[in-house]
Amino acid sequence: MTHTGVGASLPRKEDDRFLHGRGRYLADIEMPRMLDVAFVRSPLAHAEIVGIDKPEEAGERVFTARDMDGVAPIRPTSNVAGHRIVGSPPMALTRVRFVGEIIAACLAPNRAQAEDLAEQVVPDLKELPVVASIDAAMAEGAPLVHADWGTNLSMETRFDSGIEEQVARATVQVTRTLDMARQAMVPLEGKGALAHYDARDGQLVVYSSTQSPHMIRNALCQCLGLQQRQVRVVAPDVGGGFGYKAILHPEEVIVAWLALRLKRPVRWLEDRFEHLTAGANARQHRYRMTAHADDRGRILALDAVLTTDAGAYSIWPHTNGFDAIQASGILTGPYDIGGYRVRTMTVATNKPPLSPYRAVARPGACFAMETLVDAVARAVGRDPVDVRLENLVPAAAMPYKAITGKEYDSGDYPASLRRTRALVDAVSADPGPDRLIGTGYAVYTEHTAVSTATISQIGVQMMPGFEQAAALMQPDGSLEIRVGVQSHGQGMETTLAQIASEVLGIDPHRVSVRHGDTALSPYSTGTYASRAVVMTGGAVAAAADKLAFKLREIAAHMMQCTADDVRLEAGELVGPGASMTIEEAAVIWHFRPFDLPEELLRDGLEVTGGYRPDGDRAPFAYAAHAARVAVDPELGTVEVLDYVAVDDCGTRVNPMIVDGQVLGGVAQGIGTALFEEVPFDDQGQPLATTFGDYSVPAASEIPMIRLDHMETRSPYTRFGVKGVGEGGAIAPPAAVVNAINDALRSTGAELCAVPATPRRVLQAIFDAEDRAAGKKEAAR
Amino acid sequence: MKAPAFDYLRPATIAEAVAALAEGAGGARILAGGQSLVPMLNLRVAFAETLIDIGAIADLRAVVDEGETVLIGAGVTHATLEDGTIGDHWRGMPAFVARDIAYRAVRNRGTLGGSLCHADPAADWPVAMMALGATMLLAGPDGERALAAKDFSVDVFTTALEEDEMLTGIRLPKLSPSARWSYRKMRKKAGAFGEAIAAVVHDPARGFTRVVAGSSAVGGPCRLEALEGAVALGSLAAEAAIRTALAEREPDLDRYEMQIHATCLRRAMKEVSS
Amino acid sequence: MTTLSLTVNGEPVRSEIDPRLSLADFLRENLALKGTHLGCEHGACGACTVVVDDMPMRSCITLAASCEGVRVTTVEGFDDDPVVTRLRQAFRDEHALQCGYCTPGMLATARDIVLRHDRPDVEQIRAELAGCICRCTGYRGIVRAIAHVIETKSQATEAKAGTT
């Protein structure tokens, strides 16, 4: 048998069904008597609900918050001192606080008719003043999103390692203000939920396009006052998540409540308009960064203020403060910096609530830090790569305790950057006429597989604990693995089978991985934070270990030796003088129990294994990226000509799938860098409501990204793996903007915001022209 | 995002379609390829009591070589123009323009006539047809009439079509072999509508030069005659002249909008002049 | 209601439909062909792309009623298509899909690129894919898969000739 375990680029077991249209996504599930929901959503960003006019014949077809008596509000929690926190009510009762907030649910046998009905429901809204930006929300006398707070500042944190000594030694100060715009996450399949009450089992069954079925069950039970055993949550095939589907959506609560109330299946499918307006909830950070450096650009201290435009409510479970906490905890990045001071402000605005999007706050943090490093390099007149090499944590310093308190476990950051530079330099690019060319770099390090300690410190309701996996040996020796994480593109049906194969030597094609169903799966907080291969991979290995031990015991009994004498090799149980296959051992337990002693029969061949990294320590993945861009300085357009990433996620279970994760992350990061933005006007109206206005990059915008890998095993994880699901998305905004600024060096322009749309690029050039003209004027 | 209810007709001839329009008395709309109208229906920003689907009318897909001109049926798709299967008498300009309209799957349904009637200010065909000197053929209850492209285009999303009229064809004058053209579009990503469009056609043998700009910012296609003299003389219009011409058309252009339009125009004129 | 007759995946279909029904909803709801996915319902993402009379079209912005007399092929109907058979293998080999949601539309579009172009380079393939959003793969695998099938196109053409 060829190697099919850890390290094999096995073709994916998932592919066949998707290539033949046999996937089953939420919208593909049909149920008799099912009703579709269309929501009436607020057209105003801030208003009092005076009344809601329903059509007379609406009856049990239109529901508002007043009908949802007894449903508890969604209540996220936080341990951060002074954190003012308000969850979103499933439907607005007296007040709406962002455009798209739900006012009423309208039901009909199909969506078109539900929308017809929704058009007849007219909310009577009394307009209230709106704060639609950080500046508006923090202005003196600003209208309040939540009147009882007395402020729009929802959360404030401070950290100060003491920087005076470093500041005193520094000879160079560089300060920049850097903005990352608000985005929608845009999984290609929208969010959706379908609920029905199973009267036979006495169970509410909720199909949800979610990354975290057990978490959704936790939240539904809290809101609906049900016991966990009374609710089953099933995630079918999920068409992309990226964090958008790792949170509770109020629509899930409403649909579940409607199914209980009506005793009929009820379904909601988010459409693209809803997603781009009510779901425009990612990123939007502003950084004020000051680097204190020496003449060579060695950064001695970093002083930062981070403000997030966090929207009207706190999403469950992460709260609105997750971005600020993540960003401030990793802002110094892969660098060895001796002094760090940071203040974060999480600001409420009349916009959809801020939610964690792939890599959470790290694309913003990396963008801020890495553009600042380039600015430092310019200030000291050195090459930005050389300045980085001088500041990066050296391999010899690993494990390295960062000034933030985080422990970076392993890796060679400078080597990844040097390799990236060599790859970029090896290929020349022709910018074509009318364009300028530039190259930009960015390096990051990333906390993957978030630890229990980290979450307990923050106090949000997604405690990772020990991840569980069940391994069920079937009577014929085939294997079913059941896991609580949910695979929605990551290929876990393949990689987890490979891990079982690595331990047991079993052919992955005799392994099925079942996931996404609380009725089948062990409890899990789900798929997020680049955790699945670390946590669930470890749990699958632990379960497989247990199973292997049992199989060896059975074989040992049959071969009349001890279990220690039996080795598992390529699916064979090999003893001193004989061997048997796993299949034979499975058959003996299931069909020839009389051949085995009672103690070998008792516990069976269905086991659960638990796992977390040694000492609850998270592995840090990292990478260096480089972008080469062509900028048209008269039109402001940017083309990415070449993109290189050299990453290190430790041992790669399936290198092909790792490549896919990085490539996809980079493409999303290029979207953040150049295209994706939901602007709001000062009345809180979203201005990008279709893909006509919200540009998602296609193949035409994404170059043939080039990858290389380093493979430094994590000392703390099974097989030495580190998470890889998010990392690709972290560096592109920084690398692309650094490349643009490199291209524009002759113009004197410096861009400090993403996405780098033509308008922003030209504005940076205009500003440089105006500065030059002003200087000339002053000189005259 | 599901379309509101409407009645649906699928006439087999232009006469039946025109009769249905009259019958609809303003509540009826023509459905051509539907690549703009159906999305707008799905978003419920467009409505109709009756949709008159002209997809079954074979005459609308006819292409007739009339000697000096070619009559292109309003129902000819972008993809047909892209592929050049109707013959090329315009030195490749329609195919070039078509190739960059949305995406192939959209071009396979979307039609030249539908795009002209929809009159999106950022659309390509209104600009290109004005630059090529097209004439629009309209059918109504009182028979046919012809309108020059510049008279057909009235305003943003507005044409000279009466509510009981439909566009049946586009008469396009052939270019001479010595003609030159340039079509420049600045857009945020492939397939997106233009942020700024400039079309220049210079045909000394036939004695005309046209410089046309288009986009939402300039309110749709507009001919900038003040710039045409320089192109005709083979010289370059001064940057200031370009900006003045644009400002005369649309005084409210901001610095960014002025810059991208002026750049597209300058490059297009340079390409034709060189 | 209006009457619609057409051919779907080789089978004649006759149906009474609400005229506002899109082709996508007709395929999914009336014919239970769930392989055609909706990603935007305004023609911009490409997930719903199906083949109509041998041309890729957006089923979300095509009214079912407009499809009188046409031949529609969805992802469920490609099993005898030699180009799609090769594309499927290439998509597997090049890891050209992750969550699978865009995949049916990608296959319909890729088939058209393979059939309509002789020797497109990578830049042309990328440009032709402009109307299809994949949020997962970063596109490299998709572009490579299509390029691979085009490289071996002569064999595919022979195979096609063999089946007709």
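This text gives an overview of the structure that appears in the document. Bear in mind that the values here come from a model prediction, so they are computed numbers and not experimental data.

**Examining the overall build of chain B**
From N to C terminus, chain B includes eleven helices and 14 strands. By the compact-globule yardstick of 19 Å for 274 residues, chain B fits well, its C-alpha radius of gyration being 19 Å. Considered along the principal axes of its C-alpha atoms, chain B spans approximately 55 × 45 × 35 Å. Classification of the 274 residues of chain B by burial places 56% in the buried group. Put simply, of all contacts in chain B between residues at least 6 apart along the chain, 62% involve residues at least 24 apart.

**A look at the interface of chain C and chain A**
Facing the 43 residues of chain C at the interface are 40 residues of chain A. Within the residue set of the side of chain C that touches chain A, elements represented by two or more residues are helix H2 (82-93), helix H3 (103-116), helix H4 (122-128) and helix H5 (140-151) of chain C. Split into classes, the residues belonging to the side of chain C that touches chain A amount to 21 nonpolar, twelve polar and ten charged.

**Some remarks on the interface of chain C and chain B**
Reports of interface size often rely on the accessible area that becomes lost once the parts have come together. Taken together, the contacts link 24 residues of chain C with 25 residues of chain B. Mapped by element, the contributors of at least two residues to the side of chain C that touches chain B are strand S4 (55-58), H3 and H4 of chain C. Broken down by element, the residue count for the side of chain C that touches chain B peaks at four residues, all from S4(C). Looking at the side of chain C that touches chain B, its residues break down into nine nonpolar, nine polar and six charged.

**Topic: the sheet that holds strand S3 (residues 50-53) of chain B**
All names here are of chain B. Taken together, three strands build an open sheet; the order of strands is S1-S3-S2 and the sheet is parallel. Of all the strands in the sheet, the pair left with one neighbour each is strand S1 (7-9) and strand S2 (28-31). Neighbour-to-neighbour, the strand axes of the sheet open up by a mean angle of 25 degrees, direction not taken into account. Here three bridges tie S1 to S3, and the two strands are oriented parallel to one another. Paired with aspartate 7 across the two strands is threonine 50, which belongs to S3. The sheet contacts of helix H1 (residues 14-24) involve S1, S2 and S3, and relative to S3 the element is tilted by about 170 degrees.

**Notes on unusual backbone geometry**
Residue and element names in this part refer to chain A. Between tryptophan 316 and the following residue, proline 317, the backbone shows a cis peptide bond with an omega angle of 5 degrees. Residue methionine 398 is joined to proline 399 through a cis peptide bond whose omega torsion reads -10 degrees. Within the fold, proline 399 resides in the loop between helix H10 (384-391) and strand S16 (400-401). One non-glycine residue with positive phi stands out, namely glutamine 560, at about 55 degrees. Examined against the element boundaries, glutamine 560 turns out to sit in the loop between helix H14 (532-559) and strand S22 (567-569).

**Details of the pairing of strand S28 (residues 706-710) of chain A**
All names here are of chain A. By the bridge criterion, five bridges tie strand S27 (residues 638-648) to S28 in an arrangement that is parallel. Within the sheet, the bridge partner assigned to valine 646 lies in S28 and is aspartate 708. You can see the chain leave S27, run along helix H17 (residues 655-675) and come back into S28, and the turn it takes is right-handed.

**Topic: the nonpolar core**
All names here are of chain A. Among the nonpolar cores identified, the biggest contains 420 residues, and Cys106, Ala500, Val736 and Ile740 are the most heavily contacted of them. Of the residues forming this core, the biggest block, 15 residues, is contributed by H14. Those residues within four positions of isoleucine 740 in sequence are excluded, and the remaining contacts are Gly438, Val629, Val631, Val638, Leu751, Ala756 and Val761.

**Focus: the packing of H3(C) against H5(C)**
Residues and elements named next belong to chain C. Across the interface, H3 lies against H5 with an axial gap of 10 Å and an inter-helix angle of 40 degrees. By the criterion of interaxial angle, the relationship of H3 to H5 is oblique. The handedness of the crossing between H3 and H5 is right-handed. Across the interface between the two elements, Met106, Ala110, Ile113 and Val114 of H3 pack against Ile142, Ile146, Val149 and Ile150 of H5.

**Section: the environment of A:Pro356**
Residue and element names in this part refer to chain A. Mapped onto the secondary structure, proline 356 falls in the loop between strand S15 (339-347) and helix H9 (362-380). We classify proline 356 as buried; it has 24 C-beta atoms within 10 Å. For the pair proline 356 and isoleucine 247, spaced 109 residues apart in sequence, the C-alpha to C-alpha distance is 8.6 Å. Here proline 356 is in contact with Gly243, His318, Phe322 and Asp323, once residues within four sequence places are set aside.

**Quick notes on helix H18 (residues 732-743) of chain A**
The terminal C-alpha atoms of H18(A), which comprises twelve residues, lie 16 Å apart, in line with the 16 Å expected from a rise of 1.5 Å per residue. Of all twelve residues making up H18(A), twelve are buried, and the element is well covered by its neighbours.

**Section: the sheet that holds S28(A)**
Hydrogen bonding along the main chain pairs the strands of a sheet, whether they run parallel or antiparallel. All names here are of chain A. Read from one edge to the other, the open sheet built from four strands follows the order S18-S26-S27-S28, with strand pairing classed as mixed. This sheet does not close on itself; its edge strands, each paired only once, are strand S18 (436-447) and S28. Put simply, the sheet's adjacent strands are angled 15 degrees from each other on average, direction ignored. Here S18 pairs with strand S26 (residues 620-631) via twelve bridges, running antiparallel.

**A short note on the environment of A:Leu44**
All names here are of chain A. Tracing the sequence through the fold places leucine 44 in the loop between strand S1 (35-41) and strand S2 (47-53). Judged by local crowding, leucine 44 falls into the buried class, with 21 C-beta atoms found within 10 Å. Separated by 90 residues in the primary sequence, leucine 44 and isoleucine 134 place their C-alpha atoms 19 Å from one another. Apart from residues lying up to four places away in sequence, leucine 44 is in contact with Val96, Val99, Leu125 and Glu127.

**A closer look at helix H7 (residues 124-132) of chain B**
Residue and element names in this part refer to chain B. Where burial is concerned, most of H7 is hidden: nine out of the nine residues are buried. Every buried residue belonging to H7 is among Asp124, Trp125, Pro126, Val127, Ala128, Met129, Met130, Ala131 and Leu132, and all of these are buried. Phi turns positive, to about 75 degrees, at glycine 133, one or two residues after H7.

**Structural notes on the pairing of strand S9 (residues 192-198) of chain A**
Residues and elements named next belong to chain A. Across the seven residues of S9, six count as buried, placing the element largely inside the fold. Both S9 and strand S12 (residues 266-269) contribute to a ladder of four bridges, which runs antiparallel. Within the sheet, the bridge partner assigned to glycine 192 lies in S12 and is leucine 269. Here S9 folds back onto strand S10 (residues 203-208), and the loop between the two strands holds four residues, one of which, glycine 202, carries a positive phi near 60 degrees.

Scoring rules and cut-offs
- Residues numbered from 1 in each chain as written.
- Chains lettered and ligands numbered in written order.
- Predicted model: local features only at pLDDT ≥ 70, side-chain atom pairs only at ≥ 80, totals over all residues.
- Helix = DSSP H or I, 4+ residues; strand = E, 2+ residues; numbered from the N terminus.
- Rg over C-alpha atoms; globule rule 2.2 N^0.38 Å.
- Buried ≥ 20, exposed ≤ 12 C-beta atoms within 10 Å, placed from the backbone.
- Contact = placed C-beta atoms within 7 Å.
- Nonpolar A, V, L, I, M, F, W, Y, C, P; charged D, E, K, R; others polar.
- Pairing = 2+ DSSP bridges.
- Axes fitted to C-alpha atoms, helices over the stretch in contact; angles between N-to-C directions.
- Right-handed = clockwise from strand over helix to strand, strands pointing away.
- Core = buried A, V, L, I, M, F, W, Y, C linked by C-beta atoms within 7 Å.
- Parallel < 35°, antiparallel > 145°, perpendicular 65-115°, else oblique.
- Left-handed = near helix turned anticlockwise from the far one by under 90°.
- Expected span 1.5 Å × (residues − 1).

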